[in-house]
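Descriptive analysis of the structure
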Amino acid sequence: MRLCELKLKEVINECTCKKLGFITDIEFDECTGQICAVIVPEGCRGLNFFTKESEFVIPFKCIRQIGSDIVLVQMDEKACFKG
């Protein structure tokens, strides 16, 4: 699967049944090339360039299933929230 295809899938937390948003970026290990985490912005995606966007940094191990239109994750939102 390509990143452009992954970005079209909505991320849902199984623990809270909450829609978190869509994947915008990934973090990977430069030495191994393995994906470490996916990045999902929190809230609406405004065009304000002067404020730091809050985001969820979801460890790859928290991804439970990638379906045709959603990505199911199992995570503690407070632990993965950066902002």
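The sections below set out a description of the structure shown in this document. (Residues numbered from 1 in each chain as written. Predicted model: local features only at pLDDT ≥ 70, side-chain atom pairs only at ≥ 80, totals over all residues. Heavy atoms only, no water.)

Each helix and strand counted, the protein chain has 2 helices and 8 strands in total. For the protein chain, the α and β elements follow one another from N to C terminus as α-β-β-β-β-β-β-β-α-β. A burial count over the protein chain gives 30% of its 83 residues as buried. Sequence separation of 24 or more characterises 38% of the internal contacts of the protein chain that already satisfy a separation of 6 or more. (Helix = DSSP H or I, 4+ residues; strand = E, 2+ residues; numbered from the N terminus. Buried < 20%, exposed > 50% of the residue type's maximum accessible area, 1.4 Å probe, protein only. Contact = heavy atoms within 4.5 Å.)

In this section: the sheet that holds strand β6 (residues 63-66). In space, the 4 strands of this open sheet follow the order β2-β1-β7-β6, with mixed pairing throughout. Two strands lie at the open edges of the sheet, namely β2 (18-22) and β6, each paired on one side alone. Strand-to-strand twist in this sheet, taken as the mean axis angle between neighbours without regard to direction, amounts to 25°. In this sheet, strand β7 (residues 70-73) lies alongside β6 in antiparallel orientation, the contact comprising 3 bridges. Directly across from I63, in β7, lies its bridge partner V73. (Pairing = 2+ DSSP bridges. Axes fitted to C-alpha atoms, helices over the stretch in contact; angles between N-to-C directions.)

Quick look at the packing of aromatic side chains now. Each aromatic ring pair is characterised by the separation of its centres together with the angle its planes make. Summed over the entire model, instances satisfying the criterion amount to 1 aromatic pair. Between F56 and F81, the aromatic rings sit 5.5 Å apart at their centres with planes inclined by 65°, giving edge-to-face as the arrangement. With F56 in strand β5 (residues 55-59) and F81 in strand β8 (residues 81-82), this residue pair connects regions lying 25 residues apart in the sequence. (Phe/Tyr/Trp six-rings, centres within 6.5 Å; stacked < 30°, edge-to-face > 60°.)

Shape is all these values report; function is a separate question.
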